[in-house]
Every structure is written in C-alpha cells, then in structure tokens.
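# Chains, contacts and geometry: an overview
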Amino acid sequence: MTKKTAGVVFVATAWASLSAITPANQAPPVQNPGVIAIRAGHVVDVEAGSVRADQVIVVESGRIKSISAAPPPAGARVIDLSGSYVLPGLIDAHSHLGMTTIAARDADRLFFSSLLEPTASRAIQGVAHLRTMLESGFTTVRDLGNAGNFADTALRRGVEEGWIPGPTMINAGRIIAPFGGQFRLQPEKPDLAEPEYYFADTVDEIRKAVRQNIHYGARVIKLVVDQRWYIYSEADVRAAVTEAGPRLKVAAHVNTNDGALNAVRGGVATIEHLQPLGDETLTLMKERNVYLVPTVYPVDSYAGVSPAMYKQGVERLKRAYAIGTPLAFGADVTYYREGRTRGELTLDHLQSFVDAGIPAADILRIMTVNAARAVGVEARRGVLKEGQAADIVAVPANPLTDVQTLRKVSFVMKDGVVYKADGTFTWEPARRLGR
Ligand SMILES: [Zn+2]
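So, about helix 7 (residues 234-244). If you check which residues of helix 7 are buried, you get D236, V237, R238, A239, A240, V241 and A244. Tucked into the core, helix 7 has its buried residues touching strand 8 (175-177), helix 6 (203-215), strand 10 (220-224), strand 11 (249-253) and helix 8 (257-266). Residue G245 follows helix 7 closely and has a positive phi angle near 70°.

Before going further, it helps to spend a moment on the domain arrangement of the chain. As assigned here, the chain comprises domain 1 (2-88 + 385-425) and domain 2 (90-375). A straight line from the C-alpha centre of domain 1 to that of domain 2 covers 27 Å. Facing the 27 residues of domain 1 at the interface are 25 residues of domain 2. Taken together, the elements giving at least two residues each to the side of domain 1 that touches domain 2 come down to helix 1 (2-13), strand 4 (77-88), strand 15 (411-414) and strand 16 (417-421). Of the residues in the side of domain 1 that touches domain 2, the class split is 18 nonpolar, four polar and five charged.

Bringing the environment of F411 into the picture now. Inspection of the secondary structure puts F411 in strand 15. Counting along the chain gives 17 residues from F411 to A394, while the straight-line C-alpha distance between them is 5.0 Å.

The next subject is the packing of helix 4 (residues 119-135) against helix 5 (residues 151-161). Helix 5 packs onto helix 4 with a crossing angle of 45° between their chain directions and a minimal axis gap of 9 Å. In this view, helix 4 runs oblique relative to helix 5, as classed from their interaxial angle. Relative to helix 5, helix 4 is oriented so that their crossing is right-handed. Residue-level inspection shows T119, R122, A123, G126, V127 and L130 of helix 4 in contact with helix 5, the latter providing A151, A154, L155 and V159. When grouped by side-chain class, the residues that make up the contact of helix 4 with helix 5 number seven nonpolar, two polar and one charged.

Pairing in this open sheet of three strands is parallel, and the strands run 5-6-7 from one edge to the other. Two strands lie at the open edges of the sheet, namely strand 5 (90-95) and strand 7 (168-171), each paired on one side alone. Looking at each pair of strands side by side, their axes are set apart by 15° on average, direction ignored. By the bridge criterion, four bridges tie strand 6 (residues 138-143) to strand 7 in an arrangement that is parallel. Paired with R142 across the bridge in strand 7 is I170.

Attention now goes to the sheet that holds strand 1 (residues 35-45). Taken in spatial order, the eight strands line up as 3-2-1-4-14-15-16-17 in an open sheet, and their pairing is mixed. Both edges of this open sheet fall to strand 3 (63-68) and strand 17 (424-425), since each of them pairs with a single strand only. The pairing of strand 14 (residues 392-395) with strand 15 spans three bridges and is antiparallel. Within the sheet, the bridge partner assigned to V393 lies in strand 15 and is V412.

Right, let's get into the packing of helix 8 against helix 9 (residues 279-288). It is the contact of helix 8 with helix 9, at a shortest axis distance of 10 Å, that shows an interaxial angle of 15°. The angle between helix 8 and helix 9 places the two elements in the roughly parallel class. You can see that helix 8 and helix 9 cross each other, and the crossing is left-handed. Mapping the contact onto sequence places N257, A260, L261 and V264 in helix 8 and T281, L284, M285 and R288 in helix 9. For the contact of helix 8 with helix 9, the residue count by class is five nonpolar, two polar and one charged.

At N289, a residue that is not glycine, the phi angle is positive and equals roughly 55°. Along the chain, the position of N289 falls in the loop between helix 9 and strand 13 (291-293). Residue class for N289 comes out exposed when judged on the 11 C-beta atoms lying within 10 Å of it.

Okay, the nonpolar core next. By size, the foremost hydrophobic cluster in this structure holds 122 residues, and its most contacted members are I176, I221, L223, A240 and V268. Looking at this core element by element, the count peaks at six residues for strand 1. Inspection of this core shows a minimum of three residues originating in each of domain 1 (2-88 + 385-425) and domain 2 (90-375). The contact partners of I221, leaving out residues within four places of it in the chain, are A172, I176, V210, N213, A240, A244, L248 and V250.

A separate point is the pairing of strand 14. Alternating positions in strand 14 separate into two faces, I392 and A394 on one and V393 and V395 on the other, with burial throughout. For strand 4 and strand 14, the ladder comprises four bridges, and the chain directions are antiparallel. When the bridges of strand 14 are listed, P88 appears paired with I392.

Attention shifts here to the pairing of strand 2 (residues 50-60). Looking along a regular strand, one sees the side chains alternate between the two faces of the sheet. Across ten bridges, the pairing between strand 1 and strand 2 is antiparallel. Looking across to strand 2, one finds that V35 is bridged to E60. Between the antiparallel neighbours strand 1 and strand 2 lie four residues, among them G49 with a positive phi of about 70°. As defined by bridge partners, strand 2 adjoins strand 3 across five bridges and the pair is classed as antiparallel. Within strand 3, the residue paired with V58 across the bridge is S66. In this structure, the hairpin formed by strand 2 and strand 3 is closed by a connection of two residues, where S61 is found at a positive phi of approximately 55°.

Analysis parameters
Residues numbered from 1 in each chain as written. Predicted model: local features only at pLDDT ≥ 70, side-chain atom pairs only at ≥ 80, totals over all residues. Buried ≥ 20, exposed ≤ 12 C-beta atoms within 10 Å, placed from the backbone. Helix = DSSP H or I, 4+ residues; strand = E, 2+ residues; numbered from the N terminus. Contact = placed C-beta atoms within 7 Å. Domains from an automatic or database assignment. Nonpolar A, V, L, I, M, F, W, Y, C, P; charged D, E, K, R; others polar. Axes fitted to C-alpha atoms, helices over the stretch in contact; angles between N-to-C directions. Parallel < 35°, antiparallel > 145°, perpendicular 65-115°, else oblique. Left-handed = near helix turned anticlockwise from the far one by under 90°. Pairing = 2+ DSSP bridges. Core = buried A, V, L, I, M, F, W, Y, C linked by C-beta atoms within 7 Å.

Set out below in structure tokens:
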C-alpha cells in the first residue's frame with residue numbers, strides 16, 4: 001500500500017500556497033494527478049441523512065470527479081471499501097495542536113506550557129498531534145492558538161508543503177485579548193504571557209494585532225473576549241471583524257453572557273464554549289447564523305470537570321439544539337492522557353452530543369458540513385459530492401444508526417491522498433515540496 005500511494009503523495013504536496021494567502025477553500029493548481037476509484041459499499045450523504053449502496057467515487061487531481069453506480073474508469077487505481085460506510089472527513093473546529101497540558105505537572109494550566117516549553121517543542125508536539133488527528137478521521141482542523149510564537153503557522157505550512165502528514169489546518173496565530181490574556185500575571189513579570197497572546201486594549205491595538213496575525217500566517221482570528229472583568233465591547237469586536245475582512249473569520253472565546261452578546265453583535269463567525277450562554281444569546285446566534293462550538297468537556301478531562309459540570313454542559317447543549325442555534329464540532333483538547341492519542345481524545349467529545357439526545361444524522365452534520373460552514377471551507381469540504389476535495393473516511397457500520405462507529409475510522413483520504421488504509425496509517429515524505 002505504501003508503495004502504491006507514493007505517486008499520489010505529490011498531489012498533496014502540490015497543494016501548497018502559491019500566494020501570500022490561500023484560503024483553505026481555494027485550491028492551487030494540481031500536477032501529476034492520477035485517477036483513483038473507490039468502490040464504496042455505502043456512501044453517507046450527510047446533508048440528506050441517507051445512504052446510497054454500491055457507489056464508485058472517482059477521485060482525480062485531489063478532488064471528487066463523480067459518485068455513481070458506474071464501473072471504475074479504465075486504468076484507475078481501485079480502492080476496495082465495499083464492506084464499509086464512506087463519509088466526508090471529520091472537522092474539529094477548536095483544536096490546540098501546539099499545546100499539551102499535563103495534569104501532574106501543571107494542573108492543566110496553559111501557563112506552564114508557555115513557561116516551560118519553547119516554540120520548537122510546541123511545534124514538535126503539534127506534528128505528533130496532527131498525525132493522530134488524521135489517523136482518527138479528522139481531515140480539517142481549525143487551530144485556535146496557544147502555540148507559542150506561531151508554531152501553528154509552521155505546522156500549517158509543514159502540512160501544505162508536504163513535510164508532515166496532517167489535516168488541512170486553519171490556524172489562529174496568537175490569540176488577541178485584553179491585557180493579561182488568559183493568564184493571571186504579576187506586575188514584576190508582565191512578559192510571562194509572551195508569546196501566547198497579543199494584548200490589545202484599544203481599537204487601534206486590536207487592528208494592529210489582527211494585521212500582525214495575518215502577516216505571520218494566521219487563517220482565522222481568535223479573540224478572548226471576556227476572561228478578565230474588563231471585556232471587549234461590541235465596537236472592539238467589530239474592529240477585529242472589519243480588519244480581518246472578508247478573507248478571515250473571527251472566533252470568540254467567551255466566559256460570560258455579556259461578552260458573548262458583544263461578540264455576536266460585533267459580527268464574529270463562531271462562539272467558543274457554551275456554558276455562559278443564555279437563551280436570548282442562543283436565539284440571537286440562530287438569527288445571525290453564528291455557529292456555536294460548544295466544547296462540553298468529558299468528566300475528569302480537565303482538572304475539576306465534575307459529573308455535575310458535565311451534566312450542566314449537556315443540558316445547555318440540549319437547549320442550544322432545541323433553539324436551533326447552528327452547531328459545529330470542536331473539542332478544545334489540550335490535555336494529555338497516557339495511552340490515548342490527541343485524535344482519540346478529540347473523538348471522546350462525540351459523547352456530549354449523544355448525551356444531549358441529538359440524533360446521529362445531526363451529529364454527523366455537526367462534525368462535517370456544519371463545521372465546514374463554521375470555519376469557512378464549505379465551498380470545498382464537508383460533504384461528498386462532485387467538485388469537492390477528496391476528503392473521505394470509512395467506518396465499519398452505518399453512522400446514521402451507530403454514531404459510535406466514528407471511533408473506528410479504518411480509511412482516511414485527504415485531498416485525494418490515502419493516509420490510512422485497512423486501519424493502518426501510511427505516509428511518505430514529500431519528494432517535491434509544495435511550493
Ligand atoms: Zn480553546
């Protein structure tokens with residue numbers, strides 16, 4: 001399998017950015033294409049919530065050329081998934097691949113990663129995490145910062161240029177926040193929050209921080225709106241949204257309902273974390289098509305996440321679903337667990353949607369097409385249809401009746417390149433760089 005895929009690896013490496021900013025939904029030209037035909041026993045249409053049997057998915061130049069019952073084209077490399085259910089690659093809209101909090105060392109506090117680990121170490125952790133995300137079926141991740149001094153940009157470029165295997169990455173660069181960010185600093189050492197955040201306390205500072213992020217390779221802007229008791233106003237948030245312009249979306253971490261309202265009214269694309277949100281906020285988000293990335297943490301995932309806290313999160317998620325707030329999957333994992341990969345820990349977050357009583361068909365949408373819209377890649381990713389990127393995974397059972405089967409991804413293709421086949425990860429380093 002490894003040898004067979006070697007020729008196809010070039011496809012991914014040719015997809016790197018050719019211009020200063022190449023959004024993830026605009027593909028640069030592809031060379032050396034080759035044709036792949038996937039014999040799919042069942043194809044899951046996540047939009048319709050239905051399954052079609054015995055289809056052939058033709059992949060050319062990294063994209064889906066057709067899905068039909070017609071036989072594979074002559075000369076195509078055929079991949080047999082006739083015993084599997086095939087669906088679009090999963091999307092995690094809230095990852096932190098350049099951060100690993102270790103409870104025994106730092107009580108899950110972000111602060112210690114920043115203090116103890118240089119950016120290079122954070123990038124190396126990210127390389128490992130990226131691979132496991134792909135292995136677990138995530139073909140797109142939106143990485144929301146806390147990656148030292150732009151380790152996330154290095155990771156994104158590493159994937160795009162073919163140095164390392166990983167999902168398509170939309171990275172936030174440095175988080176923009178009012179003074180202090182998410183740390184409690186002490187006055188003799190105010191620099192201790194460097195370089196995780198840009199502290200920005202006026203509209204001009206916010207604009208400049210957005211520009212710095214764009215310059216250093218961010219593909220989304222992340223605001224921490226209200227971690228301190230001085231919070232970003234609607235006008236502050238709007239300044240970031242305006243500066244980010246039509247190309248980059250803005251994601252808002254919120255701790256309070258007031259902060260969330262300012263963020264929604266200021267025009268952000270997504271609200272991160274659901275705990276503080278009241279019904280009026282959830283309703284306003286529905287009206288304005290602002291996606292909620294709920295991040296309900298499993299019990300004992302982070303220090304202090306009790307069964308009661310989890311239950312509260314699940315209840316809130318139920319409420320958001322009932323109101324009709326648009327939802328996108330995002331796990332917000334930084335925690336480390338011996339014996340588990342980042343990809344597996346991310347998939348654990350599936351359970352909160354199950355516990356909230358959300359039907360499997362909607363959970364699938366939340367993890368694919370909805371998440372694609374939330375992060376802005378829906379023009380190319382999130383569903384299986386002609387013209388979309390060939391981001392394709394396979395599972396052993398019907399995810400519409402057994403959503404837990406998503407934990408058993410046996411096959412992963414991203415941009416037409418096979419990264420996992422028959423349950424085994426496969427990847428070869430680039431022989432020609434993507435730019
Ligand atoms: Zn986070």
